[in-house]
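Descriptive analysis of the structure
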Amino acid sequence: MARQWIARRAGTPATWEFADVEVPAPGPGEVTIRVHAAGVNPADGKHVAAENGQSWPVAIGYEVSGEIVALGPDTVIGSGPAAIGDEVVAFRIAGGYATALTVDAATAFHKPSPLTHPEAANLLLTGTTAAEMLHVVEAKPGETILLHGASGAVGVAVLQLAALRGIHVIGTAAETSFDRVRRFGGEPVVYGPGLSERLAAVTGDVPIVAALDAVGTDEAIDVSLAVVSDRHRIVTIVNPARARQDGFRWIAGALPDSARFRDEARAGLVAAAQADTLVVPVARTFPLSEAPAALALLAEGHPGGALALIP
């Protein structure tokens, strides 16, 4: 028996149930994980906020860090052979807000040893999103790109991956977050009225060739359209309506192309974290029983780092 957060109908986290659930024994190609930390992401709540054609109930949470407590027969995990007691991360799962769960073994990878469980539980959703953003705009070494929301969890991952590839990132942020942007290799610029002029002052004659939007405001979109000439090199993860209206890219984990890319990107991100070239700043942890409070803090927009739930 385990405890797990479940949405039985569309609604806010206040309507979810922290329920007792049976954890099925793993069959071939499956693994049971005792959860040490669950990552907290905006998608966790958005998926069940409204009717989207899904079947109810829905178990909440897409990524965890923990240890293997049972393996199905003749089963290897996403990173290769594994044994009971091995520490793992699992991403693109259902029901991570739990004390234990059984998942497809292909979703599990050996946990990078430099990361704590709360850090590791927040590695892959933001990391694969960041990697895909850089991929779809075809960012190349030596180029200068614009990143809206550079101090957020996805933004920090973009900054690190871009720095590893020699890509110069100008990142919008509040002035209170400038040190955070600089720490991870970005050049901060404050958002708000006059952003286009501030960007011009920073870049001079160097063109901004691509724009990545992790905030979704009209200001971010309008400035991206103004400074980047090729709309195929503009991407958003939060404003599909403007993407459709203005003819630029929108990506999301539920889209088939995005899902394929993110599945393929997992191993590389785990390797980067193991090499200590990709870190995950964690702002705060919450007991698993306080998941609604963690999501309320996330919804405020400036948690200062990743959040994790601890069973």
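Residues numbered from 1 in each chain as written. Predicted model: local features only at pLDDT ≥ 70, side-chain atom pairs only at ≥ 80, totals over all residues. Heavy atoms only, no water.

**Here we look at the overall build of the protein chain**
Check the secondary structure of the protein chain and you find 10 helices and 16 strands. A compact globule built from 311 residues should have a C-alpha radius of gyration of about 19 Å, and the protein chain, at 19 Å, falls within 12% of that. Taken over the C-alpha atoms alone, the protein chain extends approximately 60 × 40 × 35 Å along its principal axes. Counting across all 311 residues of the protein chain, residues that qualify as buried make up 52%. In the protein chain, of all internal contacts separated by at least 6 residues, the share reaching a separation of at least 24 is 65%. Counting only carbon and sulfur atoms, one obtains 54% of the accessible surface of the protein chain, whose full area is about 13,200 Å². Of the side-chain charges in the protein chain, 22 are positive and 33 negative, and the distance between the mean point of each set is 2 Å. (Helix = DSSP H or I, 4+ residues; strand = E, 2+ residues; numbered from the N terminus. Rg over C-alpha atoms; globule rule 2.2 N^0.38 Å. Buried < 20%, exposed > 50% of the residue type's maximum accessible area, 1.4 Å probe, protein only. Contact = heavy atoms within 4.5 Å. Areas by Shrake-Rupley, 256 points an atom, 1.4 Å probe, with all protein chains shown as cover. Lys, Arg positive; Asp, Glu negative; His and termini not counted. Charge placed at Lys NZ, Arg CZ, Asp CG, Glu CD.)

**A short note on the sheet that holds strand S1 (residues 2–7)**
An order of S2-S1-S4 is seen for the three strands of this open sheet, with the pairing classed as antiparallel. Single-partner strands in this sheet number two, and they are strand S2 (17–21) and strand S4 (58–59). Of the strand pairs in this sheet, S1 and S4 are connected by two bridges, and their pairing is antiparallel. If you follow isoleucine 6 over to S4, its bridge partner there is alanine 59. (Pairing = 2+ DSSP bridges.)

**Here's the deal with the packing of helix H3 (residues 124–136) against helix H9 (residues 256–274)**
Between H3 and H9, the least distance of the axes is 9 Å, while the angle of their chain directions is 115°. On the basis of the axis angle, H3 is roughly perpendicular to H9. In this structure, the crossing between H3 and H9 has a hand that is right-handed. Counting all contacts with H3, which are made through Leu124, Gly127, Thr128, Thr129, Ala131, Glu132 and His135, the residues of H9 involved are Asp257, Ser258, Phe261, Arg262, Ala265, Arg266, Leu269 and Val270. For the contact of H3 with H9, the residue count by class is six nonpolar, five polar and four charged. (Axes fitted to C-alpha atoms, helices over the stretch in contact; angles between N-to-C directions. Parallel < 35°, antiparallel > 145°, perpendicular 65-115°, else oblique. Left-handed = near helix turned anticlockwise from the far one by under 90°. Nonpolar A, V, L, I, M, F, W, Y, C, P; charged D, E, K, R; others polar.)

**Quick notes on the layout of surface pockets**
Considered as a void within the structure, the second largest pocket measures approximately 210 Å³ in volume. Lining the second largest pocket, in full, are Gly11, Thr12, Pro13, Pro42, Gly45, Lys46, Ala49, Pro292, Leu295, Ala296, Leu298 and Ala299. Those elements giving two or more residues to the lining of the second largest pocket turn out to be helix H1 (42–46) and helix H10 (291–299). Looking at the lining of the second largest pocket, its residues break down into eight nonpolar, three polar and one charged. (1 Å grid on protein atoms, 1.4 Å probe; cavity = no way out; pocket = protein on both sides within 12 Å on 5 of 7 lines; lining within 4 Å. Points joined across faces, edges and corners; volume = space filled by probe spheres on them.)

**Describing the packing of aromatic side chains**
One pass over the full model with this rule turns up two aromatic pairs. Summarising the aromatic geometry, the rings of tryptophan 5 and phenylalanine 18 are spaced 4.9 Å apart at their centres and angled 20° between planes, so their arrangement reads as stacked. With tryptophan 5 in strand S1 and phenylalanine 18 in strand S2, the pair connects residues that are 13 residues apart, well separated along the chain. Classification of tryptophan 5 by relative accessible area gives buried; the value is 7%. (Phe/Tyr/Trp six-rings, centres within 6.5 Å; stacked < 30°, edge-to-face > 60°.)

**What about empty space enclosed by the protein?**
Following the criterion strictly, the structure yields one cavity of 30 Å³ or more and no others. If you add up the space inside the largest cavity, you get close to 110 Å³. Lining the largest cavity are 15 residues, with Thr126, Ala153, Val279, Val280 and Pro281 sitting closest to its centre. Taken together, the elements giving at least two residues each to the lining of the largest cavity come down to H3 and helix H4 (153–164). If one sorts the elements of the lining of the largest cavity by residue count, H4 sits on top with four residues. Considered class by class, the residues forming the lining of the largest cavity number nine nonpolar, five polar and one charged.

**Focus: the sheet that holds strand S11 (residues 187–190)**
Read across the sheet, six strands follow the order S11-S10-S9-S12-S13-S14 without closing on themselves; strand pairing throughout is parallel. Looking at strand neighbours, the two that pair on one side only are S11 and strand S14 (249–250), the edges of this open sheet. Of the strand pairs in this sheet, strand S10 (residues 168–173) and S11 are connected by four bridges, and their pairing is parallel. Among the inter-strand pairings, isoleucine 170 is bridged to a residue of S11, identified as glutamate 187. Along the sheet, H4 contacts strand S9 (144–148), S10 and strand S12 (210–213); its crossing angle with S9, the most-contacted strand, is approximately 165°.

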